[in-house]
Amino acid sequence: MVKDKYGVLKEYFGYEQFRMGQEELIDSILQGKDTLGIMPTGAGKSICFQIPAVLLEGITLVISPLISLMKDQVTTLNQAGIPSAFLNSSLSNRQYSLALRYAKEGRYKIIYVAPERLTTAQFLKFASESKISMISVDEAHCVSQWGQDFRPSYLKIKEFIHLLPSRPVISAFTATATEEVREDIIHILQLKKPNVTTTGFDRPNLFFAVRKPSNKYTEVLKILKAHLGESGVIYCATRKNVEEVCNNLNLDGYKATRYHAGLSDQERKDNQEAFVYDNSPIMVATNAFGMGIDKSNVSFVIHYNMPKNLESYYQEAGRAGRDGEPADCILLYHGQDVITNQFLIEHGSQNEELDEETSKLVKEKDRERLKIMTYYCHTRDCLREYILNYFDDKSENHCGNCSNCMNNFEEMDITEIAKKIISCIYSAHSRFGIKVIIDTLRGSKAKKILRLHLDQLPTYGICASLTEKKLRSIINFLVLKQYLSITNSEFPTVGVTEKAIDFMNEEHILTMKIVEEVEDSTVEQS
Ligand code: ADP
Ligand code: ZN
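For clarity, every value in this text was computed on a predicted model and none was experimentally measured. (Residues numbered from 1 in each chain as written. Chains lettered and ligands numbered in written order. Predicted model: local features only at pLDDT ≥ 70, side-chain atom pairs only at ≥ 80, totals over all residues.)

A. Highlighting the overall build of the chain. Broken down by element type, the chain carries 21 helices and 17 strands. Out of the 526 residues belonging to the chain, those deemed buried represent 40%. Restricting the contact set of the chain to residue pairs at least 6 apart, pairs at least 24 apart contribute 73%. (Helix = DSSP H or I, 4+ residues; strand = E, 2+ residues; numbered from the N terminus. Buried ≥ 20, exposed ≤ 12 C-beta atoms within 10 Å, placed from the backbone. Contact = placed C-beta atoms within 7 Å.)

B. Examining the site of ligand 1 more closely. Taken together, 13 residues lie around ligand 1, and Tyr15, Thr41, Gly44, Lys45 and Ser46 are the ones closest in. Looking at the shell around ligand 1 residue by residue, the class counts come to 5 nonpolar, 5 polar and 3 charged. (Near = placed C-beta within 6 Å. Nonpolar A, V, L, I, M, F, W, Y, C, P; charged D, E, K, R; others polar.)

C. Representation of the sheet that holds strand E7 (residues 195-198) within the structure. Strands sit in the order E3-E4-E2-E5-E6-E1-E7 across an open sheet of 7 strands; the sheet is parallel. Only two strands of the sheet have a single partner each, and these edge strands are strand E3 (84-87) and E7. Between one strand and the next, the sheet's axes are offset by a mean angle of 15°, whatever the strand orientation. Looking at chain direction, E3 and strand E4 (residues 110-113) are connected through 4 bridges and run parallel. Counted as the bridge partner of Phe86 is Tyr112 from E4. Contacts between helix H4 (residues 67-79) and the sheet are confined to E3 and E4, with E3 contributing the most and set at about 165° to the helix. (Pairing = 2+ DSSP bridges. Axes fitted to C-alpha atoms, helices over the stretch in contact; angles between N-to-C directions.)

D. Highlighting helix H20 (residues 468-480). Between its first and last C-alpha, H20 extends 18 Å over 13 residues, near the 18 Å set by a 1.5 Å rise per residue. Burial within H20 is extensive, with 10 of its 13 residues counted as buried. Considered for burial, the residues of H20 that qualify are Leu471, Arg472, Ser473, Ile474, Ile475, Asn476, Phe477, Leu478, Val479 and Leu480. Along its buried surface, H20 packs onto helix H14 (356-376), helix H17 (415-427), helix H18 (434-441), strand E15 (484-486) and strand E17 (511-514). Taken from the residues just after H20, Gln482 is the one with a positive phi, measuring 65°. (Expected span 1.5 Å × (residues − 1).)

E. Main features of the nonpolar core. Ranked by internal contacts, the top residues of the largest apolar core, which has 106 residues, are Ile111, Ala172, Leu189, Ile234, Val245, Val284 and Val301. It is helix H3 (residues 46-55) that contributes the most residues to this core, 6 residues altogether. Once you skip the residues sitting within four places of it in the chain, Val301 turns out to touch Gly232, Val233, Tyr235, Glu316, Ala317, Arg319, Ala320 and Cys329. Membership of the second largest hydrophobic core comes to 32 residues, among which are Ile421, Ile437, Leu441 and Ile462. (Core = buried A, V, L, I, M, F, W, Y, C linked by C-beta atoms within 7 Å.)

F. Fine view of the environment of Lys371. Topologically, Lys371 is positioned in helix H14. A residue is classified by how many C-beta atoms lie within 10 Å of it, and Lys371, with 19 of them, is partly exposed.

G. Just the confidence of the model for the chain, in detail. Mean pLDDT over the chain works out to 90, with 95% of the residues at or above the 70 mark. pLDDT under 50 marks residues 517-526. Its contacts with residues more than four places away, or in other chains, come to 20 contacts. Model confidence for the complex is summarised by a pTM of 0.68, with the ipTM given as 0.97. (pLDDT = per-residue confidence, 0-100.)

H. Quick look at the sheet that holds strand E13 (residues 327-332). The strand order E8-E13-E12-E9-E11-E10 describes an open sheet built from 6 strands, whose pairing is parallel. With partners counted over all chains shown, the strands left at the sheet margins are strand E8 (206-211) and strand E10 (256-259), one partner each. Going across the sheet, the axis of each strand differs from the next one's by a mean of 15°, ignoring polarity. Looking at chain direction, E10 and strand E11 (residues 282-285) are connected through 4 bridges and run parallel. Residue pairing across strands places Tyr259 opposite Ala285, the latter belonging to E11. Strand contacts of helix H11 (residues 265-276): E10 and E11, with the helix running at about 140° to E10, the strand carrying the most contacts.

Written as structure tokens, this is what we have:
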């Protein structure tokens, strides 16, 4: 009979030691404290609630949004000798009642349950009559409207806990670490003085790069040549892209397979297996692929298109190099990717659970996130630092293992130009988009500029010697550094921030890394 966490780790899961953060989280739960674990994908969240579940008396309920994942986890647990079950809409009424009956008889140690089941009469009755020692909320960011994956059914969790005769210990886990989301989780789930443990988000063995090739497919072939015989994933934005890239790779002699929501269940399953067992070491897929897939020897992840936010990007890219070996995460950017994502945000399939007001908020947040993702593709700073800062993780300034750190950019003093840009926007009362500001600064005679009397501004034409491209990249940089802000509206306008006002009155040198290469710069469409 195993009685301590080390014993459970070894006997049931077959591991010799804990990974970073796991022990802390497990101890916290075992001490009866509410616990919030923030760990990147693949860090090993599951055993942080599964081990306490084995050690605690009574039953642990695990709330999870993903039906397919529940089934896999429950299968694995039962194989490991931990009696478990899941309760969700994939069960028939009969199966569901039977599972509940067994649960009542105390046959299970861990029960996975979909959030929408929690407050049904049948489930509530069971929960009130059983000894529930812990409730563990997986993918806890789904509770937050600011998360990339808000699920209103997660709001039922709080209601459910209130309805229980006694309050179990609550643990929550997520890979999303932004401050807002973290606070929402604590607040909405009403965690009591939670012990919050964040394990480092950095994956030092991953090399990050952004490339802007004129032909993406040729670039893919180049990358594959550098990874001959290795396994990797190529993420595309659309099913059509998946089909195209996969076909071309097969014609070019690569063993590639495909995965997207338009394929039959059987084909998806077969292709996934072919990839996992290295029969087709290259997987071309939409973002439907990857959840719950545990393949350690993925040595590259290529993004054929820019994803819609940095959360998704880091999660998908993070499927590379789980074995700790060096791996490449390469994003192939084109301005069109921004437009595609904008279209998806405005017209893409709505989350049907959302009311109109919430849906508006979510859209606004999605636009904001897209902007942050887009800046990732434009920043000259360390890419790793950019990602880690976004996830509130401290990081060194210069990782030496990303395309920006490896490139020799020229450091240029932009203090004067920045002041000119800021005063132009300021004197135009922050009413215009980037294009109009650029035209004004360059002294354009365009009808629109004359009609708006912008040629009357003292800043008209003061940057006439700079190219539109250069001005645009400096403005992007100023937005990135929060000297300028862009409104989230149909016709985005650019404004100055407090920081910019301070900057105007200070003796502060501002520098920016500039490359003299040809690239496209379609960030905004203003
Ligand atoms: P997450 O939910 O954080 O994405 P998982 O819980 O699915 O990650 O774990 C990812 C992988 O790491 C799984 O294969 C799991 O078995 C493995 N793992 C977890 N903890 C350990 C450990 N202490 N030692 C070795 N492997 C571990
Ligand atoms: Zn770097």
